[in-house]
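Here's the letter readout for the chains.
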There are 2 protein chains.
Amino acid sequence: MTHTVSPLAPAAFAALPAIPGLRIATAEAGIKYKNRTDLLMMVFDRPASVAGVFTRSKCPSAPVDLCRTNLAGGTARALVVNSGNANAFTGKRGRESTRATAEAAAKAACCEPSEVFLASTGVIGEPLDAGRFAHLLSGLAGSAEEDRWRAAAEAIMTTDTYPKVATATAAIDGVDVTINGIAKGAGMIAPDMATMLSFLATDAAIAAPALQAMLREAVEPSFNSVTVDSDTSTSDTLLFFATGDARDRGCPEISDAADPRLEAFRAALGALLLDLARQVARDGEGARKEIIVTVEGAASDAAAKRIALSIANSPLVKTAVAGEDANWGRVVMAVGKAGEEADRDRLAIHFGEVRVAVDGERDPDYSEQAASAVMQRAEIPIKVELGLGSGRWTVYGCDLTKEYVAINGDYRS
Amino acid sequence: MTHTVSPLAPAAFAALPAIPGLRIATAEAGIKYKNRTDLLMMVFDRPASVAGVFTRSKCPSAPVDLCRTNLAGGTARALVVNSGNANAFTGKRGRESTRATAEAAAKAACCEPSEVFLASTGVIGEPLDAGRFAHLLSGLAGSAEEDRWRAAAEAIMTTDTYPKVATATAAIDGVDVTINGIAKGAGMIAPDMATMLSFLATDAAIAAPALQAMLREAVEPSFNSVTVDSDTSTSDTLLFFATGDARDRGCPEISDAADPRLEAFRAALGALLLDLARQVARDGEGARKEIIVTVEGAASDAAAKRIALSIANSPLVKTAVAGEDANWGRVVMAVGKAGEEADRDRLAIHFGEVRVAVDGERDPDYSEQAASAVMQRAEIPIKVELGLGSGRWTVYGCDLTKEYVAINGDYRS
């Protein structure tokens, strides 16, 4: 299960500061992996506001069901995440496992099971034995410390080749607050929402409904615009916790997502989510290149997004990028199959700064050499101009390589 | 461009008999390929009825546009097909190329340009110079002979590793008629309709509207239920010609698709189309295994088809099959992402005759060995029972291998 680190990994990892009010612990529970951490616990010593968005799969995992239920309360005191087993398609035993885990976590964190949030990632369909790790939670809750974000990101990895971390600062009414985030990919990545687990926390004091509204808005251009292989997981979970500890430093409590004092915070949240989402795309299984598809001039933003996803998900476009081939014919194909309005004779296509096609045919000034030079980069921007309206969207994906096939051809065994 | 012949190729190729009234010729025009035929001409000495179905791409090729226009007349006298260049996304020059080709073919076959049908397959976006082959058509029309179906199938191949041919016989009112068909794949195969070129002909006497109605019906469970890589081509073309020569042997002229005398013919047509469609799937680029996905118990046939396509198109399912891994968790994922109604706790999944999951969890009697034995076969049947209604559909696809990535990573160069 060890894979070469993606060539698109960040040159350096952000150092995440503590979020006051949130403590972290990890452990080696041996659920599937050996000699690595596979269990994460976050503890909120005071009730934190919580927001979440989840997979739209019709067959969600048991932990997703539990989170959806507990989200109604709006308050979190503990988060437990395991890697190695997704606890998905595990029927009654799956529900029993989440119930047992939530009860053990509640006991450890001195709270109600309804204030516990769970996530699991890994193999689907294998029963998850909560007994393998439930007994560890009380020790973890006791030993948890504020300064362990990097360890948290490492404990939730599956086929990821690097941990995904990001941090940002924003002022609310003159008081600086922090937002930290971690995420894991790396297969079954597709909207909606992008497959993955991601956990964010801030010390800002924001009520759960406002947090939820901001998260839902920010996820559209970020995690919901990322695709690795068009396969939507049963387990996608993005949770955002607000401890509110910044109140102690004079930060106001915000209850309305439209509050103008959230302007900088909202921008920081959006940038952080996009950063994490792109880290996920750049660590797509077998990825060697990031593909950034922008569609402009569509009939609507929604149409632009559908066309951009059609391009970014096309196996033929993705293999062309892997082969460093500026094959814009396949981009045309992907535009055509998206099912949205398109006028062949108005289409223009760019690879990077090179316009390869215009007005429905090859650009007369097109230089194969210039296009080939673009394709040798690590980030491949593909821009399509439809010339129909003002709809616009950008989607982030990666190439399709032999390594993707190798990784997924023997994952379970 | 030479690839190892697919292990799923037929052990023997059907010998296609002549279709009276239809003559065939092929040539080496050197459009892209060297030392192989790349030009096909079919000539109908008397006007033939013609029906056609085409890609649903919003950016269809110039020949598709021409065929759609000419189909309104209902009569064919000539078909010209080239491989090596798709004449797609070629703007005005593409239209000029089809016009010039149709005029040259009309002259050669002594008919109107509106009675000529064209198809092109190969690279997208490169101008197709009709001058490379238009001058050959008159010689081809003169030398064409009835008994050249295998040569026809070979001339239209691109990355296909074997020619696709099929033949059937059916009685209409006691008179036997023949149906012949050829097809080519092998990438950009996805509904609707499945990417490819396919040409069928019969000596039956069936009016164009009736032929069209029968073709449209027969294409749904066959070519529109095949997928190689979910990428829909700009050029999908299926044409069906009826020369009517069987009239000379007492075969009645049929003008209504609902005519009960067509019963055997309709069945033979459906079987022949399914045969050709499966040959296309089995020669999918890099394919080593055929995947046959059947969804039962869906809310409707349409829902069953969407779920079956979601499974057959999933890169994670396809790579699992390539790795001979009975990874039914990925099947669950693909059911969940299809967007159709599904109740996790009622799902049952079979690989071949082995039930691996039932009632929302792993089948207690599940044998990993038995499932693994199924995965080692060349044909992998995957059956999903939803337990919701009576909707049912079967879709045909293939696995995703490193060879697919290799073939498509350097196709254009």
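Residues numbered from 1 in each chain as written. Chains lettered and ligands numbered in written order. Predicted model: local features only at pLDDT ≥ 70, side-chain atom pairs only at ≥ 80, totals over all residues. Heavy atoms only, no water.

Trainee: Please clarify how the packing of aromatic side chains should be interpreted in this entry.
Mentor: Each pair of aromatic rings is reported with the distance of its centres and the angle of its planes. What the rule picks out here adds up to 10 aromatic pairs over all chains. The interplanar angle of 10° and the centroid separation of 6.4 Å between the aromatic rings of Phe240 of chain A and Phe265 of chain A together place this pair among those described as stacked. Pair noted here: Phe240 of chain A is in strand 9 (residues 237–242) and Phe265 of chain A is in helix 6 (residues 263–282), with a separation of 25 residues, a long-range link. The burial state of Phe240 of chain A is the same as that of Phe265 of chain A; both residues are buried. Ring centres 6.3 Å apart and planes at 45° place the aromatic pair Phe13 of chain B and Tyr162 of chain B in the tilted group. With Phe13 of chain B in the segment before strand 1 (22–27) and Tyr162 of chain B in the loop between helix 4 (149–155) and strand 5 (164–172), this pair connects stretches of sequence that are 149 residues apart. Looking at Phe13 of chain B, the relative accessible area reads 31%, which means it is partly exposed. Take Tyr162 of chain B: its relative accessible area is 1%, and that puts it in the buried class. Grouping aromatic residues by their ring pairs yields a cluster made of Phe44, Phe117 and Phe241 of chain A. (Phe/Tyr/Trp six-rings, centres within 6.5 Å; stacked < 30°, edge-to-face > 60°. Helix = DSSP H or I, 4+ residues; strand = E, 2+ residues; numbered from the N terminus. Buried < 20%, exposed > 50% of the residue type's maximum accessible area, 1.4 Å probe, protein only.)

Trainee: Looking at this structure, I do not really get the packing of helix 11 (residues 402–409) of chain A against helix 8 (residues 315–322) of chain B. What am I missing?
Mentor: Packed helix pairs are characterised by how far apart their axes lie and by the angle those axes make with each other. Contact geometry of helix 11 of chain A with helix 8 of chain B gives a least axis separation of 8 Å together with a crossing angle of 70°. Taken together, the axis directions place helix 11 of chain A and helix 8 of chain B in an arrangement best described as roughly perpendicular. Seen from helix 11 of chain A, the contacting residues are Tyr404, Val405, Asn408 and Gly409 of chain A; seen from helix 8 of chain B, they are Pro315, Leu316, Thr319 and Ala320 of chain B. (Axes fitted to C-alpha atoms, helices over the stretch in contact; angles between N-to-C directions. Parallel < 35°, antiparallel > 145°, perpendicular 65-115°, else oblique. Contact = heavy atoms within 4.5 Å.)

Trainee: I tried to follow the pattern of salt bridges on my own but got confused; where do I start?
Mentor: Two side chains carrying opposite charge are able to pair once their charged atoms lie near each other. All names here are of chain B. Applying the stated criterion across every chain yields a total of 62 salt bridges over all chains. Here Arg377 ties to Glu353 by a salt bridge, and the two come within 2.9 Å at their closest N and O atoms. Of this pair, Arg377 sits in the loop between helix 10 (368–375) and strand 15 (379–385) while Glu353 sits in the loop between strand 12 (348–351) and strand 13 (354–358), placing them 24 residues apart in sequence. (Salt bridge = Lys/Arg side-chain N within 4 Å of Asp/Glu carboxyl O.)

Trainee: Is there a simple way to explain the nonpolar core in this structure?
Mentor: Considering soluble globular proteins, one finds that nonpolar side chains tend to be buried as a cluster. Ranked by internal contacts, the top residues of the largest apolar core, which has 94 residues, are Phe351 of chain A together with Phe351 of chain B. Excluding its chain neighbours within four sequence positions, the residues that come into contact with Phe351 of chain B are Ala326, Asn327, Trp328, Val331, Val356, Val374, Met375, Ile380, Pro381 and Ile382 of chain B. (Core = buried A, V, L, I, M, F, W, Y, C linked by side-chain atoms within 4.5 Å.)

Trainee: Looking at this structure, how should I read the relation of the copies chain A and chain B?
Mentor: Relating one copy of the chain to the other requires a rotation about an axis plus a shift along that axis. Each copy superposes on the other: chain A lies on chain B with an RMSD of 0.0 Å after a rotation of 180° and an axial shift of 0.0 Å. Seen this way, the second copy is the image of the first under a two-fold rotation axis. By C-alpha distance to the rotation axis, the residue of chain A lying nearest is Lys402 of chain A, at 2.4 Å. The overlap is high: 100% of the interface residues of chain A also sit at the interface in chain B, so the same surface is used on both sides. (Least-squares fit on C-alpha atoms with pLDDT ≥ 70 in both.)

Trainee: How do you make sense of the domain arrangement of chain A when you look at a structure like this?
Mentor: A common way to express how large an interface is: the accessible area buried when the components associate. Residue and element names in this part refer to chain A. Per the domain assignment, the segments of chain A are domain 1 (22–282) and domain 2 (290–409). Put simply, the middle of domain 1 and the middle of domain 2, counted by C-alpha atoms, are 33 Å apart. Contact residues are listed per partner, giving 16 residues for domain 1 and 16 residues for domain 2. Here domain 1 packs against domain 2, burying approximately 1,300 Å² in sum over the two surfaces, 53% of which is carbon and sulfur. When residues of domain 1 are sorted by the area they lose upon contact with domain 2, Ser225, Thr227 and Arg278 head the list and together hold 38% of the total. A salt bridge links Glu379 to Arg282; the shortest N-O distance between them is 2.9 Å. Summed over the shared surface of domain 1 and domain 2, the number is seven residue pairs in polar contact (both at pLDDT 80 or more). (Domains from an automatic or database assignment. Buried area = accessible area lost by both parts, 1.4 Å probe. Polar contact = N/O pair within 3.5 Å; in protein donor to acceptor, adjacent residues only side chain to side chain.)

Trainee: What am I meant to see in the interface of chain A and chain B here?
Mentor: The partner chain B presents 67 residues to the 66 residues of chain A that form the contact. Buried surface at the junction of chain A and chain B, both sides included, amounts to about 5,300 Å², of which 55% is carbon and sulfur. Of the charged contacts in the structure, one is a salt bridge between Arg344 of chain A and Asp65 of chain B, with a shortest N-O distance of 2.9 Å. Seen at the junction of chain A and chain B, the total is 12 residue pairs in polar contact (both at pLDDT 80 or more).

Trainee: Honestly, the sheet that holds strand 13 (residues 354–358) of chain A in this entry has me stumped. Any pointers?
Mentor: Each strand in a sheet pairs with its neighbour through backbone hydrogen bonds, running either in the same direction (parallel) or in the opposite one (antiparallel). Residues and elements named next belong to chain A. If you trace the six strands from one edge of the open sheet to the other, you get 14-13-12-15-11-16, paired in mixed fashion. Two strands close off the open sheet at either side, each with one partner strand: strand 14 (361–362) and strand 16 (391–398). Packing against the sheet, helix 10 (residues 368–375) makes contact with strand 12 (348–351), strand 13 and strand 15 (379–385), and its axis sits at approximately 120° to strand 13. (Pairing = 2+ DSSP bridges.)

Trainee: Any chance you could explain the packing of helix 1 (residues 62–71) of chain A against helix 2 (residues 91–109) of chain A here in plain terms?
Mentor: Residue and element names in this part refer to chain A. Two numbers describe how helix 1 lies on helix 2: the axes approach to 9 Å, and their chain directions differ by 55°. Here helix 2 runs oblique to helix 1, going by the angle between their axes. In this structure, helix 1 crosses over helix 2, and the sense of that crossing is right-handed. Of the residues in helix 2, those in contact with Ala62, Pro63 and Leu66 of helix 1 are Gly94, Arg95, Thr98 and Ala102. Looking at the contact of helix 1 with helix 2 residue by residue, the class counts come to four nonpolar, two polar and one charged. (Left-handed = near helix turned anticlockwise from the far one by under 90°. Nonpolar A, V, L, I, M, F, W, Y, C, P; charged D, E, K, R; others polar.)

Trainee: So what exactly am I meant to see when it comes to the pairing of strand 12 of chain A here?
Mentor: The two faces of the sheet receive side chains in turn, since in a regular strand these alternate between them. All names here are of chain A. In strand 12, alternate side chains face the same way, and those of Ala348 and His350 on one face and Ile349 and Phe351 on the other are all buried. Pairing of strand 12 with strand 15, which is carried by four bridges, proceeds in the antiparallel orientation. Each residue of the ladder has a partner; that of Ile349, found in strand 15, is Val384. Pairing between strand 12 and strand 13: three bridges, direction antiparallel. Residue pairing for strand 13: His350 is matched across the bridge by Arg355. In textbook terms, the turn of a hairpin is the stretch between consecutive antiparallel strands, and for strand 12 and strand 13 this stretch comprises two residues, one of which, Gly352, has a positive phi near 55°.

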